[in-house]
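# Fold and contact review
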Amino acid sequence: MVESNAAAARSNSTDGAADDSSREPLIRVCAMSKIYRVGVEVIHALRGLELTIGRNEMVAIMGSSGSGKSTLMNMLGCLDRPTTGAYFLNGRDVSRMGAKELAMVRNQEIGFVFQSFELLPRQTALENVELPLVYSHGAWRGRRARALAALDRVGLSSRVHHRPNQLSGGQKQRVAIARAILNKPSILLADEPTGNLDSATTAEILELFRQIHAEGQTVIIVTHEDEVAAHCHRVVRLRDGYVLSDLPIAQDIAARHRAPSPQAAQSAANDTNAGVAC
Ligand SMILES: Nc1ncnc2c1ncn2[C@@H]1O[C@H](COP(=O)(O)OP(=O)(O)OP(=O)(O)O)[C@@H](O)[C@H]1O
Ligand SMILES: [Mg+2]
């Protein structure tokens, strides 16, 4: 059996401000697969992946390079569609939505932060943060005040007119976080957000994520670093496109120190591949 104690992890997280009247979790991924075709090569990036994430959780996604972490984040962030399987966000099956509806959900519900910051180099910090409002119906009015407030929220009030090449790595990531939280999304997705940062700056960025989570948001962070995962309440480990283990942080750390035999790991893999009814 896949090591799973997600419910215990969820009970560790505080209740968010989000509407909890329905029993539907915020995220429910059912038997999700993603197949890429490159020439004659067929790549199974996700293989029948099952995952449930509740409101106001703070979750780390870990796994070796190529295990499917970014592919999963692209699916959760509605940037791409699964080949098979379903993805329910707030109870709605987004895997069946049309492009327009999907873009709207993405704009309202999701904030993204990437390792490489993804800022427009010629725009100032303020203009970069305002960007999501360009695509947000009716939100253009008052955009400047909202963007300034978001920059203030991440401690960058004194750098609003700086361009990315005039900012440090940590400051660039703060701009990216301000842009990501501007629309007050339900979910903040961060793919290796501290991968390009030194340890002091990493600690500052993690503190920011902790605060955002404490304000009620769901935060999902892909990372290779144990130090980053230790700030989350739950660790989901992927291998070859499926969930290898899903544990509260304390149990994940304990499990790593137990160092399973290769046979046990293979057995867990086989059990997981059998799939769980959604
Ligand atoms: N657009 C794509 N076209 C073809 N193959 C892809 C594409 N994106 C990802 N893959 C493949 O899918 C698999 C999973 O890739 P993914 O980027 O999700 O891994 P990852 O866990 O994020 O790795 P890393 O830790 O290196 O970022 C890899 O084998 C990768 O080569
Ligand atoms: Mg990746």
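Residues numbered from 1 in each chain as written. Chains lettered and ligands numbered in written order. Predicted model: local features only at pLDDT ≥ 70, side-chain atom pairs only at ≥ 80, totals over all residues.

## Notes on the overall build of the protein chain
Spelled out, the test is: Under the DSSP-based scheme used, a helix requires at least four consecutive residues in state H or I and a strand at least two consecutive residues in state E, with every element numbered from the N terminus. C-beta atoms are placed from the backbone for every residue, and two residues are taken to be in contact when these atoms lie within 7 Å.
Helix and strand counts for the protein chain stand at ten helices and eleven strands. Within the protein chain, residue pairs in contact and separated by at least 24 positions form 73% of the contacts whose partners lie at least 6 positions apart.

## Topic: the sheet that holds strand β5 (residues 84–89)
Counted only if it meets this: Note on pairing: DSSP must find at least two bridges between two strands before they are called paired.
Across the sheet, four strands lie side by side as β3-β2-β5-β6; this open sheet has antiparallel pairing. The open sheet has two edge strands with one neighbour each: β3 (41–53) and β6 (92–93). As paired strands, strand β2 (residues 27–38) and β5 are joined by five bridges and run antiparallel to one another. Bridge assignment links Ile 27 to a residue of β5, and that residue is Leu 89.

## Observations regarding the site of ligand 1
Rule in force here: For each residue, a C-beta atom is positioned from the backbone; the residue is called near a molecule or strand if that atom sits within 6 Å of it. Polarity classes work like this: nonpolar for Ala, Val, Leu, Ile, Met, Phe, Trp, Tyr, Cys and Pro, charged for Asp, Glu, Lys and Arg, and polar for all others, with Gly in that last group.
Taken together, Tyr 36, Val 38, Ile 43, Ala 45, Gly 63, Ser 65, Gly 66, Ser 67, Gly 68, Lys 69, Ser 70 and Thr 71 make up the full set of residues adjacent to ligand 1. Breaking the shell around ligand 1 down by element, the ones donating at least two residues are β2, β3 and α2 (69–76). Ranked by the residues each element gives to the shell around ligand 1, the list is headed by α2, at three residues. Among the residues forming the shell around ligand 1, the class breakdown is four nonpolar, seven polar and one charged.

## Considering helix α4 (residues 125–134)
Note the following rule: Exposure classification rests on a simple neighbour count of other C-beta atoms within 10 Å of a residue's own: a residue reaching 20 or more is buried, one at 12 or fewer is exposed, and one in between is partly exposed. C-beta atoms are placed from the backbone.
Of all ten residues in α4, seven are buried, a share of seventy percent or more. When we look at burial in α4, the residues that qualify are Ala 125, Leu 126, Asn 128, Val 129, Glu 130, Pro 132 and Leu 133. The elements touched by buried residues of α4 are α3 (99–109), α5 (143–153) and α6 (169–181).

## Observations concerning α2
Here α2 lies mainly inside the structure; six of its eight residues are buried. Along α2, the positions that sit buried rather than exposed are Lys 69, Thr 71, Leu 72, Met 73, Met 75 and Leu 76. Backbone geometry just downstream of α2 places Cys 78 in the positive-phi region, at approximately 60°.

## Side note on the pairing of strand β9 (residues 218–222)
Of all five residues that make up β9, five are buried, and the element is covered over most of its length. Residues Thr 218, Ile 220 and Val 222 of β9 are buried on one face, and the alternating residues Val 219 and Ile 221, pointing to the opposite face, are buried as well. Strand direction decides the pairing type here: strand β4 (residues 58–62) and β9, joined by four bridges, are parallel. The residue of β9 that forms the bridge with Met 58 is Val 219.

## So, unusual backbone geometry
With a phi close to 60°, Asn 56 is a non-glycine residue in the positive phi region. As for its placement among the helices and strands, Asn 56 is situated in the loop between β3 and β4. Its 23 C-beta neighbours within 10 Å are what place Asn 56 among the buried residues. For Lys 184, which is not glycine, the phi dihedral falls at a positive 50°. Judged by the 13 C-beta atoms lying within 10 Å of it, Lys 184 falls in the partly exposed class.

## Points about the confidence of the model for the protein chain
Close inspection of predicted coordinates is inappropriate for parts of the model with low pLDDT. Applied cut-off: The predictor rates its confidence in each residue with pLDDT, a number between 0 and 100.
With 83% of its residues at a pLDDT of 70 or more, the protein chain has an overall mean of 86. Of the regions scoring below 50 in pLDDT, residues 5–21 engages in 30 contacts with residues more than four places distant in sequence or in other chains. Of the regions scoring below 50 in pLDDT, residues 269–277 engages in 14 contacts with residues more than four places distant in sequence or in other chains.

## Details of the packing of α4 against α6
Angle between the axes and distance between the axes: these two values describe a pair of packed helices. Using the following cut-off: Where helices are involved, their axes are fitted lines through C-alpha atoms of the stretch in contact, as for all axes, and angles between N-to-C directions lie from 0 to 180°. Working rule for angles: under 35 degrees goes down as roughly parallel, over 145 as roughly antiparallel, 65 to 115 as roughly perpendicular, anything else as oblique. Two helices cross in a left-handed way if the nearer one is turned anticlockwise from the farther one by less than a right angle. They cross in a right-handed way if the turn is clockwise.
The interhelical angle for the contact between α4 and α6, taken along N-to-C directions, is 30°, at an axis separation of 7 Å. When the interaxial angle is binned, α4 and α6 end up roughly parallel. Remark: the crossing between α4 and α6 carries right-handed chirality. Residues Ala 125, Asn 128, Val 129, Leu 131 and Pro 132 of α4 form the contact with α6, whose own contacting residues are Val 175, Ala 178 and Arg 179. Residues that form the contact of α4 with α6 fall into these classes: six nonpolar, one polar and one charged.

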